[in-house]
Amino acid sequence: MFACIHAPNLAADLSLAEFAYGFSPVVEEVAGRTVVIDVEGCELLFGSAYELANDVARRAKEPRANGGLEGSVNVAIAANPDAAIHAATRLKGVTFVSPAEELICLGEFPIEALEFSLVNVEKKLAGEIFETLRLWGILTFQDFAALPVAGVSERLGQEGIRLQQLAAGKTERHLKVKQPAPVFSHSIELDHALYELEPLSFIFARLLNQLCATLNAYALATNELTLHMQLEDQTSHDRTLSLPHPMRDHKVFLKLLVLEMEKQPPQAAVKAVSITCDPVKPRVIQNGLFVPLAPAPDKLELTLARLTKLVGDQNVGSPVLLDTHRPDAFSVKRFELRNLKFEIRNSKLTVGFRMFRPPLRAVVQVDRGLPAQISAWGKQRSVYGKVVDVAGPWRTTGDWWRDDRWARDEWDVAVVPNKRDEQVLYRIYRELNTDTWFVEGAYD
Amino acid sequence: MNLKHRLNEFDLASRFGDAFKIRQKPPLETLSTGIREVDELTGGLPRGAITEIFGPASSGRTSMMFSMLAYATRHEEVCALVDINDVFAPTAAAAAGIDFDRLLWIRCGDTLENAFKATDLLLHAGGFGLVILDMGDVAAKDARRIITSWWYRFRRTIENRPTSILVLSEEACTRSCAALTLELSGTPEWSQASAEQTNVVPLRKSAPVKRATVTQGNLLRFNSIKVNRQRPLSPWRNEDQFRAHLAS
């Protein structure tokens, strides 16, 4: 049996579907003010179908604080949903349409009251059929239902047959169940606060499993995960994981979250955990046969997270040259393999240079304006020896309007270290502001 | 004897399947170094194996590394550079034609242990065409202390994979694990360059305007390279070709 609830005076801020979920989980939303519910199997909760209809009408009049609609509704019970809809929209109060006796209740309704959209008939075609029926003198559901099926089929086609079945209350269909909106957020409140990461990772695993199952059910993926943790000291700890490609592998998410938590653990014990994701369409790519292999996106993301944990954020990435003449000016950006463009580059064999960071402070003996002897010591390396060949100086200056301006004379020197025969080529420079010598690096 | 051996082989194969079948090694794939002369000399960097380049400072190790990186990134290989002493110079590398979008640069803050862990992570991630471990500024005594099992582990990890490992060092340290070892010596050539070429103006007219430069030819002319192979590149693609060669 099906019950149709029609609320002609429903307030705009109230949801009839939410009200209907209080009686049955199987709800079809026909329009904003009409819903149909399947009441099969609700006898133990609400008694007979008639008692359920009375209960619906009574609870609808209750105030919204008690879950009501603050107004009267029409309720109709019928063996098929379409008959229930027709009865509820045309008849006030509670109506019970007995099975196989639909025409007794619906028979006097005018033919224009047929809800043609329920049987997938277009409005224009339905209008033409209604006009034809009116010309034939067919004015009510009962008249239409009494026509011979073969004649209706010959003159009005399959649409006419469907409309006739609708008028007779004989249609058979399943409810188009209203699916609740998917929730891409899962949370859990803990009975006892957790201090360690290991037990917390089990909580993450459970939430991520649920989240990935939801994503999987809707054929979606995510490229951003947000972790919100309520701490024992009434503060919160939020972390956001931005992924370069949409993914939905809960194992990868768990490893990334654990690595992130190891990197930046919360300051107090965790009382509640919530994980939210931003659903997006999954990535669909097709690699070329002749394109060299590249790391798999999920493995690369995990590897980058592990590398970041090992050596720090700023030490992992791709170098980017800055638009300045300042020596050794570069930044490091996140390593990503998307949107790579193939460019024809001219490569030429140039001399390699090994930069000493920080530059070694040096003591340089100058003979007739040219470096003659150099000695410099650092934590990792030292430069000491006689300068046998020299080139330069090249003066570079820049950013004179800033505090970190530079002005220096550069020299390339060939140094023969003590006890060795090979020459080593270094780039040294003298800072003009402080008149201090430094070794910038070695040619190699 | 030979027939008996064959019969035994067939008997074993029928009982245990392919477990006792003699497997023919596929021909070794290589990755070009980007320098024609070095490629002719060595055949290129073997994939799925370790290559070591060692030599003193200013012997051309970094120049060769830049050339390899430029070639690999230009051919759409994804490369990684594990930089132990933070000596990689992006300005010089860009001049060599390296595509930075395909280069993952990891600076290890002078910690050898971190560098080896990072290399291990990269190799296990897979998909990298060239992984470079730059130990060029690591003291020889420290390099000698590296336990051999690390090198075996690396070799085992990339076996049958298209990844090539390049180790730069001052002294040979990979021991028997490297498939190809290049020993470099000598210094890059000093050449005269005009003011336009160097893009700077010398302060004194008397000062010689020259920069250390290296060209494709003079790398071999001025730097000597000794090649040592642990695993020779086989010109024969299978056992039949090898037997035909012996018969001829």
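None of these values were measured; they are calculated from a predicted model. (Residues numbered from 1 in each chain as written. Chains lettered and ligands numbered in written order. Predicted model: local features only at pLDDT ≥ 70, side-chain atom pairs only at ≥ 80, totals over all residues.)

Undergrad: Outline the sheet that holds strand β7 (residues 221-231) of chain A, listing residues and values.
TA: All names here are of chain A. With antiparallel pairing, four strands are arranged side by side in an open sheet as β6-β9-β7-β8. Of all strands in the sheet, those bounded by a partner on one side alone are β6 (185-194) and β8 (236-247). The sheet shows a mean angle of 15° between the axes of neighbouring strands, taken without regard to direction. One ladder, built from eight bridges, connects β7 with β8; its direction is antiparallel. Looking across to β8, one finds that His228 is bridged to Asp238. (Pairing = 2+ DSSP bridges. Helix = DSSP H or I, 4+ residues; strand = E, 2+ residues; numbered from the N terminus. Axes fitted to C-alpha atoms, helices over the stretch in contact; angles between N-to-C directions.)

Undergrad: Go over the packing of helix α9 (residues 197-217) of chain A against helix α10 (residues 250-263) of chain A, please, and point to the residues and values.
TA: All names here are of chain A. Viewed as axis vectors pointing N to C, α9 and α10 meet at an angle of 145°, and their least axial separation amounts to 9 Å. Taken as a pair, α9 and α10 cross one another with a handedness that is right-handed. Residues Leu197, Ser201, Phe204, Ala205, Leu208, Asn209 and Cys212 of α9 lie in contact with α10, whose contacting residues are His250, Phe253, Leu254, Leu257, Val258, Met261 and Glu262. By residue class, the composition of the contact of α9 with α10 is 10 nonpolar, three polar and one charged. (Left-handed = near helix turned anticlockwise from the far one by under 90°. Contact = placed C-beta atoms within 7 Å. Nonpolar A, V, L, I, M, F, W, Y, C, P; charged D, E, K, R; others polar.)

Undergrad: So what's going on with the sheet that holds strand β3 (residues 34-38) of chain A? Which residues, and what values?
TA: Residues and elements named next belong to chain A. If you walk across this open sheet you meet the five strands as β2-β3-β1-β4-β5, and the pairing is mixed. Of all strands in the sheet, those bounded by a partner on one side alone are β2 (27-31) and β5 (94-96). This sheet shows a mean twist of 15° between the axes of neighbouring strands, independent of strand direction. Its contacts with the sheet place helix α3 (residues 49-60) against β1 (2-6), β4 (74-78) and β5, and it is angled at close to 165° to β4.

Undergrad: So what's going on with the environment of Thr397 of chain A? Which residues, and what values?
TA: All names here are of chain A. Here Thr397 is to be found in strand β14 (residues 382-398). Residue Thr397 is classed as partly exposed on the basis of its C-beta count, with 13 C-beta atoms lying within 10 Å. Placed 321 residues apart in sequence, Thr397 and Ala76 show a C-alpha to C-alpha distance of 88 Å. Excluding residues within four positions of it along the chain, Thr397 makes contact with Trp406 and Ala407. (Buried ≥ 20, exposed ≤ 12 C-beta atoms within 10 Å, placed from the backbone.)

Undergrad: Pulling in residues and values, what's your account of the pairing of strand β10 (residues 316-321) of chain A?
TA: Where a strand is regular, its side chains alternate between the two sheet faces. Pairing analysis gives two bridges linking β10 of chain A to strand β5 (residues 103-107) of chain B, with the strands arranged antiparallel. Residue pairing for β5 of chain B: Gly317 of chain A is matched across the bridge by Trp105 of chain B. Relative to strand β11 (residues 330-333) of chain A, β10 of chain A is paired through four bridges, and the arrangement is antiparallel. Each residue of the ladder has a partner; that of Pro319 of chain A, found in β11 of chain A, is Val332 of chain A.

Undergrad: How would you sum up the domain arrangement of chain A? Please name residues and give values.
TA: Looking at chain A, the domain boundaries give domain 1 (2-168), domain 2 (181-320) and domain 3 (353-443). Here the C-alpha centre of domain 3 of chain A lies 92 Å away from the C-alpha centre of domain 1 of chain A. (Domains from an automatic or database assignment.)

Undergrad: Can you lay out helix α3 (residues 61-74) of chain B for me, pointing to particular residues and giving the numbers?
TA: Residue and element names in this part refer to chain B. End to end, α3 covers 20 Å across 14 residues, agreeing with the expected 20 Å (1.5 Å per residue, within 8%). The element α3 is largely enclosed, with a buried count of 13 among its 14 residues. Two residues or fewer after α3 comes Glu76, characterised by a positive phi angle close to 65°. (Expected span 1.5 Å × (residues − 1).)

Undergrad: Please give an account of the interface of chain B and chain A that cites residues and values.
TA: Each partner contributes to the interface: chain B provides 72 residues, whereas chain A provides 58 residues. The dominant element in the side of chain B that touches chain A, judged by the number of residues it contributes, is α3 of chain B, at nine residues. Split into classes, the residues belonging to the side of chain B that touches chain A amount to 37 nonpolar, 21 polar and 14 charged.

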